[in-house]
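# Inside the fold
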Amino acid sequence: MPDSSVKGSTEKRKGEHVDIVLSEPVNSASNYWDDVTLIHNSLPEIDFDSISTETRFLGRKINAPIMISGMTGGFERARGINRNLAEAASELQIPMGVGSQRAALENPALAETYRIVADYDVPVVIANIGAPQLVGQRGKRAYDVEDAVRAMKMIDADALAIHMNYLQEVVQPEGDRVASGVISAMERIAGRMPVIAKETGAGISRKTALRLKKAGVRAIDVGGLGGTSWSAVEYHRAKARGNEMGERLGKTFWNWGIPTPVSVAEANVGLPVIASGGIRNGLDAAKAICLGASCVGLAGALIRSASESRSAVITELQGIMEELRVAMFLTGSANVRNLSKKECVVSGMTGVWMGLD
Ligand SMILES: Cc1cc2nc3c(=O)[nH]c(=O)nc-3n(C[C@H](O)[C@H](O)[C@H](O)COP(=O)(O)O)c2cc1C
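Being a predicted model, the structure only gives us computed values, none of them experimental. (Residues numbered from 1 in each chain as written. Predicted model: local features only at pLDDT ≥ 70, side-chain atom pairs only at ≥ 80, totals over all residues. Heavy atoms only, no water.)

## Focus on the pairing of strand E11 (residues 295-298)
Every second residue of E11 is oriented toward a common face, with Cys295 and Gly297 on one face and Val296 and Leu298 on the other, all of them buried. The pairing of strand E4 (residues 66-68) with E11 spans three bridges and is parallel. Note on E11: the bridge partner recorded for Ile66 is Val296. Crossover strand E10 (residues 273-276) to E11 through helix H12 (residues 282-290) is right-handed. (Buried < 20%, exposed > 50% of the residue type's maximum accessible area, 1.4 Å probe, protein only. Helix = DSSP H or I, 4+ residues; strand = E, 2+ residues; numbered from the N terminus. Pairing = 2+ DSSP bridges. Right-handed = clockwise from strand over helix to strand, strands pointing away.)

What follows is the structure in structure tokens.
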């Protein structure tokens, strides 16, 4: 996942992340999409077969407002995972991101595990680097605009996601904890290429969204609380290594963050919002669009099928797209724009958050 500078190579760490997500409980305690309910329409007055999920994202036409969030790259198995995901994204004509490209920026021999994506006709390809790497960490060189250009070129990308993962970094005693200077580094890069500011499970507040907008980012991926918890992933890694402090911090901050639906509403500052964090199915996706997202992103819900085969990913995504269409039908929404104008009910903790000023 997001970069972190624990001991051991980036390659090994990326493999461990995938294995932990596949084998251990890593979700946050609540999925906040359960607090959001769409309002049923008994007389939809549209025909199911005429519903269109087509939309535009970063200037490109896509078949559905559903994106494969950046997950992996940098070790041999990741090449197969990225190939399965890219084949599915191309077949279904939806956007896809790769995982942090730090491994390949440091060791170009690993570039192929990401570059494979460029072999397919994916409508929007998103490169990925970490915000903590944009400032010097304990003597390590800070990445600059040239590194961002290399990451983009490596996979023929249309945009660059800069992931913010300070929760994951700080729960590891050896993580990258220098955070001053990140926003100006992001601004420099955003002046040169389309940047998506992306959280990784802790959400983005309105204030942060406004700062990011001012820095010139083109879109905001809220990466909110409710799905994969990187604090949980680091808890499992620390436990396996007998690192008591890491285990303690990972456990305490397992459920830290801004719930994804709240963050979708908060981060709506006039830029396209990507709702990621705990999206499990097409109904969650419909709820996110109703709350103002332009597109949703899925990671945890796809990693198992991505580790299996191209057809497993396609089957899963087709199911999600069909669920989205059913939700659109039952709310009387002929297209994505109509769905975004519907009202929904927000209850529970999510309702409390949204009631705050
Ligand atoms: C196995 C795995 C690896 C990930 N690696 C990255 C990464 O390298 N860069 C990144 O920006 N996000 C990464 N993420 C975070 C996701 O893109 C996403 O923001 C987060 O997992 C929340 O979505 P989810 O609840 O659908 O999993 C990773 C997620 C998973 C499950």
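## Observations concerning the pattern of salt bridges
By the definition in use, this model includes 20 salt bridges. We note a salt bridge from Arg141 to Asp147, for which the minimum N-O separation is 2.9 Å. The class for Asp147 is buried, based on a relative accessible area of 3%. For Glu234, the salt bridge is made with Arg237, and the minimal N-O distance between the two is 2.9 Å. Here Arg237 and Glu234 lie together in helix H9 (residues 230-240), a separation of three residues that amounts to about one turn. As far as burial versus exposure is concerned, Glu234 and Arg237 are alike and both buried. What emerges from the salt-bridge pattern is a single network uniting Lys12, Glu16, Glu234 and Arg237. (Salt bridge = Lys/Arg side-chain N within 4 Å of Asp/Glu carboxyl O.)

## So, the state of the cysteines
The tally for this structure, following the rule as stated, stands at zero disulfides. Between Cys290, a free cysteine, and Cys344, which holds the nearest cysteine sulfur, the sulfur-to-sulfur gap is 3.8 Å. When its relative accessible area of 7% is taken as the criterion, Cys290 is described as buried. (Disulfide = S-S within 2.5 Å.)

## With respect to the nonpolar core
Ranked by size, the top nonpolar core spans 99 residues in total, and within it Ile66, Leu160, Ile189, Ile220 and Leu317 carry the most contacts. Examining the composition of this core, we find that eight residues originate from one element, helix H14 (residues 310-330), more than from any other. Residues within four places of Leu317 in sequence aside, it is in contact with Ile66, Ile68, Ala88, Leu92, Ile94 and Leu302. Ranked by size, the runner-up nonpolar core spans eleven residues in total, among them Ile62, Val124, Ala161 and Cys295. (Core = buried A, V, L, I, M, F, W, Y, C linked by side-chain atoms within 4.5 Å. Contact = heavy atoms within 4.5 Å.)

## Details of the environment of Met154
With respect to the helices, strands and loops of the structure, Met154 is situated in helix H5 (residues 145-154). Taking C-alpha positions, Met154 is 8.5 Å from Ala118, a pair spaced 36 residues apart along the chain. Sequence-distant contacts of Met154, defined by excluding residues within four places in its chain, comprise Gln101, Ala104, Leu105, Ala111, Tyr114 and Arg115.

## A closer look at a nonpolar patch on the surface
A cluster of nonpolar side chains, namely Met349, Val352, Trp353 and Leu356, defines an oily patch on the protein surface of about 400 Å² accessible area. The topology assignment puts Trp353 in helix H16 (residues 348-355). Judged by relative accessible area, Trp353 falls into the partly exposed class, the value being 30%. (Patch = residues over 30% accessible without salt bridge, like charges linked within 9 Å, V, L, I, M, F, W, Y side chains within 5 Å. Areas by Shrake-Rupley, 256 points an atom, 1.4 Å probe, with all protein chains shown as cover.)

## Some words on the packing of H9 against helix H10 (residues 244-252)
With their axes 8 Å apart at the nearest point, H9 and H10 run at an angle of 155 degrees to one another. It follows that H9 is roughly antiparallel to H10 by the angle criterion. H10 is crossed by H9, and the crossing has left-handed handedness. Taking contact as the criterion, the partners of Ser231, Ala232, Tyr235, Ala238 and Lys239 in H9 are, on H10, Gly246, Glu247, Leu249, Gly250 and Lys251. Residues of the contact of H9 with H10, tallied by class, amount to four nonpolar, three polar and three charged. (Axes fitted to C-alpha atoms, helices over the stretch in contact; angles between N-to-C directions. Parallel < 35°, antiparallel > 145°, perpendicular 65-115°, else oblique. Left-handed = near helix turned anticlockwise from the far one by under 90°. Nonpolar A, V, L, I, M, F, W, Y, C, P; charged D, E, K, R; others polar.)

## Details of the packing of aromatic side chains
Throughout the structure, instances matching the rule amount to three aromatic pairs. On the numbers, 5.7 Å between centres and 65 degrees between planes, the contact of Phe253 with Trp256 is edge-to-face. We classify Phe253 as partly exposed; its relative accessible area is 30%. (Phe/Tyr/Trp six-rings, centres within 6.5 Å; stacked < 30°, edge-to-face > 60°.)

## Regarding unusual backbone geometry
Positive phi outside glycine occurs at Leu58, with the angle close to 45 degrees. Counting through the fold element by element, Leu58 comes out in the loop between strand E2 (55-57) and strand E3 (60-62). You will see that Arg138, though not glycine, has its phi angle at about 40 degrees, which is positive. Relative to the helices and strands, Arg138 resides in the loop between strand E6 (125-130) and H5.

## Topic: the pairing of E10
Successive side chains on a regular strand alternate, one facing one side of the sheet and the next facing the other. Side chains Val273 and Ala275 of E10 all project onto a buried face; the interleaved residues Ile274 and Ser276 project onto the opposite face, where all are buried too. Where E10 lies against E11, three bridges are found, and the strand directions are parallel. Residue pairing for E11: Ile274 is matched across the bridge by Cys295.

## Describing the packing of helix H2 (residues 76-92) against helix H13 (residues 300-308)
Interhelical geometry of H2 versus H13 gives an angle of 105 degrees and a closest axis separation of 8 Å. The angle between H2 and H13 falls in the class roughly perpendicular. Here Ile81, Asn84 and Leu85 of H2 lie close against H13, whose contacting residues are Ile303, Ala306, Ser307 and Glu308. Considering only residue class, the contact of H2 with H13 consists of four nonpolar, two polar and one charged.

## Things to note about helix H7 (residues 182-190)
Val182, Ala185, Met186, Ile189 and Ala190 are the residues of H7 that are buried. Relative to the axis of H7, the buried residues are bounded by an arc of 135 degrees and lie together on one face. On its buried side, H7 packs onto E6, H5, strand E7 (159-164), helix H6 (166-170), strand E8 (195-199) and helix H8 (206-214). (Arc of directions from axis to C-beta.)

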